[in-house]
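# Close look at the chain arrangement
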Amino acid sequence: MSETNKYRYYFDIDENYFPCIDDTAIDDGAPWKNTYPHEDFIELLKSVERMLGGTTKRSVWIHGAYGTGKSQCAYALRKLLEEPEDVVKAYWNSYPELNTSEGKDLLAKLLGHKDRGILVANRYASGDINTMREFFRCVQDSIKQSLERSNYEYKGLETLKEAVIKWIDEEGHEEILNILLKKPEWKSSFSQSSAAEIRDKLKKNEKVTELMNNISRLASKEGLTGMTFDSDQLKAWIKDVAEKNKVKIVFIWDEFSDFFKINKNSLGEFQKVISLCEESSFFFIPVTHQTDSIISSDDKSWSVVRQRFNFCEIKLPDNIAFKLIAHAFNPKPAAIDAWNILSDDLNSSLHTSRQAVMKEAKITDENVIKNIMPIHPMAAMILKHIASAFQSNQRSMFDFIKYTSDVKAFQWFIENTGPEDDYPLLTIDMLWDFFYGKPGQSGLSYDIRSVLDTYQQYPNLRDDFQRVLKTILIMQAIDKRLGGVVPLLKPTEKNISYAFEGISSGLDVSCKNIAKSLKEKGILVLNPIGNNEYAYGAAVLAGDQAKIEEYKKSIASKCTTSTLIDDGNLGSVLNLTPALKLRFADNNGNLITVTYSDFTRKMNELKNTPLPYKFKSVIAFAKDEEEANSFTDLIKETMKNDDYSEITVISALLSPLSEDLFKQYVEYEAMSKYYMGNNNTSATENHNRAKMIIQQNWRNVIYQGTFVIYSKLCKEGERYSGATSVCQALQTIVRNKYPHCFDFNRGVSENALKPSQPKASAKCGIIRTTSGAVVNQERAVLNEVWNIDQYWINESTKNLSVSIIKKDLENLIQNSFSQEGQISMSRIVNHLENNYGFVCSNIYSFILGFLLKDYSDNPYRFADSEGSHENMTADKLAEMIANELQRKANDTYIVRMTQEEKAFYELTSKAWSIDIEHCVSVKQTMLDVQMKMREFGLPVWCLEDVCDSSTYDIIKKIHWHFTVFCRG
């Protein structure tokens, strides 16, 4: 078929059409002049003009649902305030909607404000703003960048970042910071190891959010007031900049919703900054989702914040949606005449459906419908509503137009379809692949999906039956979502006929009979809707809704936070590194989870449970805000009790399961129960979807959210943004207790941290070689001392962690030798566990072997509490280390022999023919000699007649001493 038979020949999608405006799209050159000035956008411009003109002392707040184009409107607002007058006028003149007398008056006022000076600062996304200090810094940095971009000479007093650099440069401060960076807490938090590295990082034009957060924490804890910043300082800085430059500052912050979720307890500080609009020329314009989805309206601090703003909602009425769709189509110049004729023909084939849609959407100009060809007007009506059913921008109406992959969206349609085809229009059923796709695809709201899922039970339908069934299910789902308020979208016989009008294959006529046939097959049912009308619906759901509602009610009432935690395996939500699992996790590699109902019990159990080398910790979750608030109070009260001082509580209570996610979870579980027994495949699919709500959706919210860590170092709790920063904090806790531990050394492998080969690993350390679980691990933990004798007293290595441990261990061993002539392996291991955090793992077995390698042969011997004894060897020492770390044997000892003892044992062995291997202690040697003397079978006095007097006197003394010794 020739190219002229496909729609792609006649028109294309505007290459500058960006389906979603974000920082990446803007950086890639997303246009703003194509922003259609619909009623809401014009009202936004009016609100901003009143704000700038002083008619109101409030800033403007832009909000709206997903996919309404609020980001595009905010971007266009920014450009209208930034661009030169001629560019603004060109935009204004290109739209009739703006060229009214009222529109021209608005333009004149805006240009007047621009002449008097406007500085626009902007920012995108707020999910990483974990503290108000970070908010202050971001506001300040963005304004400073705008000053530089706009070539203002006066840049204001120093920013917080510049203040830190200046503080470091002051005499003596670099040395102070270097000392602080050596503390375990800051050593594990900062990737920079010196003040110079911090200064260099700050001077580079890079993202420094994490670094500035760390600096703020350090400055606060260590009392470095020169590096702190508060709302009053920020207000003074902004006023100074605005007054000295004689400008009004307009700060537009898109995707600001997350800020309120993370910092909902800090709104007092936020509103102090926002209140500047009452006393200075600073206006803060946040762009968020609908405000009722951000913070509860019952929150008192939230109500104070709301009073600082005039709210401007960006909606997407049906008539505007149609115009925005048409706005994306670009007829090709060479084919424009032919396309006008074709689009007229297509439009004329839709007489009844066109009139019905125009009436419902309040469209008066027939060209609006013509301009969206080849999209069927019924499909265009559905398109907006099904796109809004997605919980993010991943499947917006604009994405459907722009999408270019193999998924059957609009671009696929115009590549593969033409006006002469049997299906020349993009009908409702053709929205299926893009918005529903494969079973289990996430994002589509439950109320829509629960209806569309029923399609999977009928895989063998004929193509035309599939089309009609998909259309009816989509219409039923949208009608259900809208609460039945749009009669045109109900799947009645008349509306189904509208949906296929203009389909030349005959489906425009047969669709009603196909629907009846689907009813006769038991796939659909007819439900009365009043006025003697009936609407089709999925038979599998019909009549059973009461049963489903009963399941939902039962599940919602019985579902506990513990159940949700188990379903989501939330004990692993932090994705602990192998090193942190070694210290904090249970045998399954997870943290102990706690809820409000079991917190006290688990804390008491943990308090009374000995956990050598482990750090006692729990992670707390809540199902909803109410539970989270009560739980937070309980944690704070509990942590005041010193009985729990050794337990760290990690609170994820600032990220409770939202009401919407819990509702979806309950609905999926209810459908799972509904299908159980009669359709086990659907039952399993719905159960898995319920679990995915927790395992993916809630889990991701928690992972990226704000945590609070309660410990003996901070009983009131300290905030951390995201799971990664929590892991850094846990590492700090370990380093604070065991500053010389090796867990976090770069290059320590996951296998090395396991307890799989303790004996082999210990032997590697003893004989100074590496293989198996500790292959090449000397580079990670012993690199500087691997080939240095007496490294612990060597000037170049004596201050290393391994040297400090070795010196301490030598003192312990030598003191024990002096007092007892031996030392037990349990005493060595206990000392290292308690003081240095040694743990049963391959890497610590390896290090301990290295520390004790000097005791692996003569003059040292092995002995145990049961009397066994033998020469010390590398194998025997490795066995002793492994057994003790694993607590697998009775006490074993390293026994030291002096030169005198060695001579005594050698002489005794020769004189009495005793195996030298048995001569490991005086006691044991005396017992062996006594046994040899008994072999004579005669008393000692019998020797008097055959020995001279001096020899006999010596023998009698020896016998006497042996007898006395053996008697105790």
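Residues numbered from 1 in each chain as written. Predicted model: local features only at pLDDT ≥ 70, side-chain atom pairs only at ≥ 80, totals over all residues. Heavy atoms only, no water.

A count of helical and extended segments in the chain gives 44 helices and 18 strands. Against the globule reference of 30 Å for 968 residues, the chain gives a C-alpha radius of gyration of 39 Å, more extended than a compact globule. Oriented by its inertia axes, the alpha-carbon framework of the chain measures out at about 145 × 75 × 55 Å. Counting over 968 residues, the chain shows a buried share of 54%. At a minimum sequence separation of 6, the contacts of the chain that also span at least 24 residues come to 71%. Entry remark: accessible area of the chain is about 43,600 Å², with carbon and sulfur atoms responsible for 47%. (Helix = DSSP H or I, 4+ residues; strand = E, 2+ residues; numbered from the N terminus. Rg over C-alpha atoms; globule rule 2.2 N^0.38 Å. Buried < 20%, exposed > 50% of the residue type's maximum accessible area, 1.4 Å probe, protein only. Contact = heavy atoms within 4.5 Å. Areas by Shrake-Rupley, 256 points an atom, 1.4 Å probe, with all protein chains shown as cover.)

Another aspect to go through is the nonpolar core. Core analysis: the biggest nonpolar cluster contains 227 residues, and Trp92, Phe400, Phe410, Leu574, Ile828, Leu852 and Ile894 have the highest contact counts within it. Once you skip the residues sitting within four places of it in the chain, Leu852 turns out to touch Leu809, Ile813, Met825, Ile828, Leu877 and Ile881. Judged by nonpolar contacts, the second largest core, of 56 residues, contains Met212, Met227, Ile249 and Phe284. (Core = buried A, V, L, I, M, F, W, Y, C linked by side-chain atoms within 4.5 Å.)

In this structure the tally under the stated criterion is six cavities of 30 Å³ or more. When its volume is computed, the second largest cavity comes out at roughly 120 Å³. Around the second largest cavity, the lining is made up of 13 residues, and of these Lys221, Leu713, Glu718, Tyr720 and Ile733 lie nearest the centre. Taken together, the elements giving at least two residues each to the lining of the second largest cavity come down to helix 11 (209-222), strand 13 (706-711), strand 14 (714-721) and helix 35 (722-737). Per-element accounting of the lining of the second largest cavity gives the leading share, four residues, to helix 35. Counting contributing residues per domain, the lining of the second largest cavity is built from domain 2 (153-242) and domain 4 (561-737), each supplying no fewer than three. (1 Å grid on protein atoms, 1.4 Å probe; cavity = no way out; pocket = protein on both sides within 12 Å on 5 of 7 lines; lining within 4 Å. Points joined across faces, edges and corners; volume = space filled by probe spheres on them. Domains from an automatic or database assignment.)

A surface patch of negative charge is lined by Asp624, Glu626, Glu659 and Asp660. Take Asp660: it is sitting in helix 33 (residues 659-675). The class of Asp660 is partly exposed, set by a relative accessible area of 45%. (Patch = residues over 30% accessible without salt bridge, like charges linked within 9 Å, V, L, I, M, F, W, Y side chains within 5 Å. Salt bridge = Lys/Arg side-chain N within 4 Å of Asp/Glu carboxyl O. Lys, Arg positive; Asp, Glu negative; His and termini not counted. Charge placed at Lys NZ, Arg CZ, Asp CG, Glu CD.)

What follows is about the sheet that holds strand 17 (residues 869-871). Backbone-to-backbone hydrogen bonds join strands into a sheet, with any given pair of strands oriented parallel or antiparallel. Within the open sheet, the four strands sit side by side as 15-18-16-17. Their pairing is antiparallel. Every other strand in the sheet has two partners, leaving strand 15 (822-824) and strand 17 as the edge strands with one partner each. Within this sheet the neighbouring strands show an average axis-to-axis angle of 25°, counted without direction. Bridge analysis of strand 15 against strand 18 (residues 892-896) gives three bridges, and the strand direction is antiparallel. What sits directly across from Ile823, in strand 18, is Ile894. This element, helix 41 (residues 874-885), spans strand 16 (860-864), strand 17 and strand 18 of the sheet and lies at about 140° to strand 18. (Pairing = 2+ DSSP bridges. Axes fitted to C-alpha atoms, helices over the stretch in contact; angles between N-to-C directions.)

Before going further, it helps to spend a moment on the domain arrangement of the chain. Under the domain assignment, the chain is made up of domain 1 (18-152 + 247-315), domain 2 (153-242), domain 3 (318-542), domain 4 (561-737), domain 5 (750-897) and domain 6 (918-967). Look at where the C-alpha atoms of domain 1 and domain 4 centre, and you get two points 37 Å apart. Opposite the eight residues of domain 1 that make contact, domain 4 presents six residues. The junction of domain 1 with domain 4 conceals about 610 Å² of combined surface from both sides, 30% of it contributed by carbon and sulfur atoms. In this assembly, domain 1 and domain 4 are joined by zero salt bridges. The interface formed by domain 1 and domain 4 holds zero residue pairs in polar contact (both at pLDDT 80 or more) in total. Along the lines of polarity and charge, the residues of the side of domain 1 that touches domain 4 split into one nonpolar, four polar and three charged. (Buried area = accessible area lost by both parts, 1.4 Å probe. Polar contact = N/O pair within 3.5 Å; in protein donor to acceptor, adjacent residues only side chain to side chain. Nonpolar A, V, L, I, M, F, W, Y, C, P; charged D, E, K, R; others polar.)

A separate point is the pattern of salt bridges. Following the criterion strictly, the structure yields 47 salt bridges and no others. Lys79 is the partner of Glu82 in a salt bridge, and the nearest nitrogen-oxygen pair spans 3.9 Å. Here Glu82 and its partner Lys79 are both found in helix 3 (residues 70-82), three residues apart, which amounts to about one turn of the helix. Residue Glu493 is joined to Lys516 by a salt bridge in which the shortest nitrogen-to-oxygen separation is 3.8 Å. Of the two residues, Glu493 sits in helix 26 (residues 493-499) while Lys516 sits in helix 27 (residues 507-520), which places them 23 residues apart along the sequence.

Running from amino to carboxyl end, helix 7 (residues 160-169) crosses helix 10 (residues 195-203) at an angle of 150°, the nearest separation of the two axes being 10 Å. As the angle between them shows, helix 7 and helix 10 are arranged roughly antiparallel. The two elements helix 7 and helix 10 meet at a crossing, and its hand is left-handed. Contacts between helix 7 and helix 10 involve Lys161, Val164, Ile165, Ile168 and Asp169 from the former and Ala195, Ile198, Arg199, Leu202 and Lys203 from the latter. Considering only residue class, the contact of helix 7 with helix 10 consists of six nonpolar, no polar and four charged. (Parallel < 35°, antiparallel > 145°, perpendicular 65-115°, else oblique. Left-handed = near helix turned anticlockwise from the far one by under 90°.)

Let's shift gears to the environment of Ala195. Residue placement: Ala195 occurs in helix 10. Apart from residues lying up to four places away in sequence, Ala195 is in contact with Ile168, Glu174, Leu177, Asn178 and Leu181.

Turning to the packing of helix 4 (residues 85-93) against helix 5 (residues 101-115), a few remarks are in order. Packing of helix 4 against helix 5 leaves a shortest axis separation of 11 Å and a crossing angle of 165°. Overall, the two elements helix 4 and helix 5 adopt an arrangement that is roughly antiparallel. Of the two possible hands of crossing, helix 4 and helix 5 adopt the one that is right-handed. Contacts between helix 4 and helix 5 involve Glu85, Val88, Lys89 and Trp92 from the first element and Gly103, Lys104, Leu106, Leu107, Leu110, Leu111, Lys114 and Asp115 from the second. In the contact of helix 4 with helix 5, the residues fall into six nonpolar, one polar and five charged.

Okay, the pairing of strand 5 (residues 282-288) next. Within strand 5, seven of the seven residues are buried, leaving the element largely enclosed by the surrounding structure. Pairing of strand 2 (residues 59-63) with strand 5 involves two bridges; the strand directions are parallel. In the strand pairing of strand 5, His63 is matched with Thr288. Two strands pair when backbone bridges link them, and strand 4 (residues 248-254) and strand 5 are joined in this way by five bridges, in the parallel orientation. Its bridge partner lying in strand 5, Phe251 is registered against Phe284.

A word on the packing of aromatic side chains. Two aromatic rings are characterised by how far apart their centres lie and by the angle between their planes. According to the stated counting rule, one finds 55 aromatic pairs in the structure shown. An angle of 55° between the planes, with centres 6.4 Å apart, marks the rings of Phe309 and Phe311 as tilted. One residue, Arg306, lies across the ring of Phe311, its end atom 4.7 Å from the ring centre. Note that Lys806 overlies the ring of Trp792, its terminal NZ or CZ placed 4.7 Å from the centroid. (Phe/Tyr/Trp six-rings, centres within 6.5 Å; stacked < 30°, edge-to-face > 60°. Lys NZ or Arg CZ within 6 Å of the ring centre and 35° of its normal.)

To continue, consider the sheet that holds strand 14. Ordered in space as 10-11-12-13-14, the five strands form an open sheet in which the pairing is mixed. Of all strands in the sheet, those with a lone pairing partner are strand 10 (592-594) and strand 14, marking the two edges. Each strand axis lies, on average, 25° off the axis of its neighbour in the sheet, ignoring direction. As defined by bridge partners, strand 12 (residues 647-651) adjoins strand 13 across three bridges and the pair is classed as antiparallel. In the sheet register, Ile650 faces strand 13, and the bridge partner there is Ile709. Against the sheet, helix 31 (residues 599-607) contacts strand 10, strand 11 (616-620) and strand 12, and its axis sits at roughly 165° relative to strand 11. Where helix 35 meets the sheet, it contacts strand 12, strand 13 and strand 14, and its direction lies at approximately 135° from that of strand 14.

What follows covers the pairing of strand 4. Along strand 4, six of the seven residues are buried, which leaves the element largely enclosed by surrounding structure. Alignment of strand 3 (residues 118-124) against strand 4, held across seven bridges, turns out to be parallel. Bridging across to strand 4, Ile118 finds its partner in Lys248.

Here the focus is the side chain of Asp40. With respect to the secondary-structure elements, Asp40 resides in helix 2 (residues 39-53). Separated by 2.7 Å, the side chain of Asp40 and the backbone nitrogen of Lys315 make a polar contact.

Here we take up helix 33. In a regular helix each residue adds 1.5 Å, so 17 residues correspond to 24 Å; helix 33 covers 24 Å between its end C-alpha atoms and thus fits that length. Most of helix 33 sits inside the fold, with 13 of its 17 residues counted as buried. Directly after helix 33, the chain includes Gly677, whose backbone phi takes a positive value near 100°. (Expected span 1.5 Å × (residues − 1).)

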